[in-house]
Amino acid sequence: ASKPAGPDDKWSWIAGLYYSRTRTGLLDDEHIPGFNTTFESTYGNTPLNLLGAAFPNDLVYYAFTEFVNTQSAAFGQLTYKLTPELKVTVGARYEKASEDLSFNSAGYFASGAPYANSANGSATTPKGVVSYDVSAATMVYASVAEGFRDGGVNRPVPIPLCTADLATLGLTQAPPSYKSDTLWSYELGAKSRLLHDSLVLSGALFDIRWNNIQTDIILPTCTFDIKDNIGSAESKGVELELNQRLTDRVKLTLGGNYTSAKIVEPVTILGVEQGDRVPGVPDYSIVTAVEYTQPFAGGGRGNLRVNAQWIGSSQGTIIHGDPDFDRPAHFVMGGSAGYKWGAFDVSLFVTNLLNQ
């Protein structure tokens, strides 16, 4: 439910309830065609006699994982106009969540007996925003908000296949669960419309304090993965975006950001050092796109879009020495073409136009 502000209203609000239940099944069915024949011709004996395990129909590994995620939440937001130009907004969201896991595996790399586990959690996340209309076309704002991501459960990994990888992390088995992670985000920004609203400019400075960071950890030798929390980080940066309607048919988009996302609380047992970059966060990105729209007789409308991205270097994993630890900067182009008429929209797209 909501109450939007009218021209003379000082108060506006929105409130609601949210519920979801998601069931996800993952099937991993690994066969190596010709494995038994090749093994017996090479070693002169069966895998059962030499390895203590059979490979029926050349099956190496089978696993079925089922996750059931349930979330319920209540949220609300209230805005008050102190003056026609100055607004204050406060809001909050309360959530309860659970994740249930059932796991069964078979084959040479099986992880043991059928396994089940659950994780539960709850959180209240507030936010506040102050905005000021400098003019009819320009607004500045300051915001603070808390973010929250549910924890969860891990699938087991095979022992002793992954024993050495786990030992380098100070573990003897996959952690049964991982915790929720939270962050506080602080932002100062501005938005402006210029040139008779044909040009929209927005920019922001941000500072994010992130605790108990969830990350996916690849075990490099056995190639299975686990999720765990890797300490705390701080992310500071700036972002800018420009949207320009050059003509009625041509639109230009240009945006970019610079981000310094560093670990500030190391986790020695996992090899995470102070000053390491947060995995998967490039130090900069620049995105540009040009879109052309062509109307046709009968009300149809075609469009053609070309985009390009320059992505800075990043850190791909927490494990020093892993081939994915240092990810180099790269460039990628994409494109799409489509046609829309009535309720129908058909498009073709390419995400790596130059095949790089």
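Note that the structure is a prediction, hence the values are computed from the model and not measured. (Residues numbered from 1 in each chain as written. Predicted model: local features only at pLDDT ≥ 70, side-chain atom pairs only at ≥ 80, totals over all residues. Heavy atoms only, no water.)

Moving on, we get to the overall build of the protein chain. Along its length, the protein chain carries three helices and 20 strands. The C-alpha atoms of the protein chain give a radius of gyration of 26 Å, which is well past the 21 Å a tight globule of 356 residues would have. Across its three principal axes, the protein chain shows a C-alpha extent of roughly 85 × 50 × 40 Å. In the protein chain, which comprises 356 residues, the proportion classed as buried is 30%. Of all intrachain contacts in the protein chain linking residues separated by at least 6 positions in sequence, the fraction that spans at least 24 positions is 61%. Surface exposure of the protein chain reaches about 20800 Å², of which carbon and sulfur atoms provide 58%. Charged side chains in the protein chain number 26 positive and 36 negative. The centres of these two groups are separated by 11 Å. (Helix = DSSP H or I, 4+ residues; strand = E, 2+ residues; numbered from the N terminus. Rg over C-alpha atoms; globule rule 2.2 N^0.38 Å. Buried < 20%, exposed > 50% of the residue type's maximum accessible area, 1.4 Å probe, protein only. Contact = heavy atoms within 4.5 Å. Areas by Shrake-Rupley, 256 points an atom, 1.4 Å probe, with all protein chains shown as cover. Lys, Arg positive; Asp, Glu negative; His and termini not counted. Charge placed at Lys NZ, Arg CZ, Asp CG, Glu CD.)

Turning next to the environment of D8. Here D8 is to be found in the loop between β1 (2-3) and β2 (11-31). Take D8: its relative accessible area is 74%, and that puts it in the exposed class. For the pair formed by D8 and K81, sequence separation is 73 residues and the distance between their alpha carbons is 9.8 Å.

This part takes up the side chain of N243. Summarising the element assignment, N243 is placed in strand β13 (residues 232-245). Among the polar contacts listed, one links the side chain of N243 to the side chain of E241, at a separation of 2.9 Å. Side-chain polar atoms of N243 contact the side chain of T253, separated by 3.0 Å. Aside from chain neighbours lying at most four places away, what touches N243 is S198, L199, V200, K251, L252 and T253. (Polar contact = N/O pair within 3.5 Å; in protein donor to acceptor, adjacent residues only side chain to side chain.)

The subject of this paragraph is the pattern of salt bridges. A side chain of one charge can pair with a side chain of the opposite charge when the charged atoms of the two come close. For the coordinates displayed, the defined rule picks out 11 salt bridges. The partner of K3 in a salt bridge is D9, and the shortest N-O contact between them spans 3.6 Å. The class for K3 is partly exposed, based on a relative accessible area of 31%. Residue class for D9 comes out partly exposed when judged on its relative accessible area of 31%. (Salt bridge = Lys/Arg side-chain N within 4 Å of Asp/Glu carboxyl O.)

For a regular strand, side-chain orientation follows a simple rule: the groups alternate between the two sheet faces. Sheet topology places strand β10 (residues 199-211) next to β13; 12 bridges connect them, and they run antiparallel. In the strand pairing of β13, L199 is matched with Q244. Bridge count between β13 and strand β14 (residues 250-265): 14 bridges; the pairing is antiparallel. Within β14, the residue paired with L242 across the bridge is L254. What sits between the antiparallel neighbours β13 and β14 is a turn of four residues. (Pairing = 2+ DSSP bridges.)

This part covers the state of the cysteines. Across all of its chains, the model carries one disulfide by this definition. The residue that forms a disulfide with C162 is C222, at a sulfur-sulfur distance of 2.1 Å. The sign of the S-S torsion, about 105°, decides the handedness of the disulfide formed by C162 and C222: right-handed. Note that C162 is positioned in the loop between β7 (152-153) and α3 (163-168) and C222 in the loop between β11 (214-218) and β12 (225-229), a separation of 60 residues in sequence. Judged on exposure class, the residue C162 and its partner C222 are both buried. (Disulfide = S-S within 2.5 Å.)

This paragraph deals with the pairing of β14. Both β14 and strand β15 (residues 284-295) contribute to a ladder of nine bridges, which runs antiparallel. Looking across to β15, one finds that V250 is bridged to Y292.

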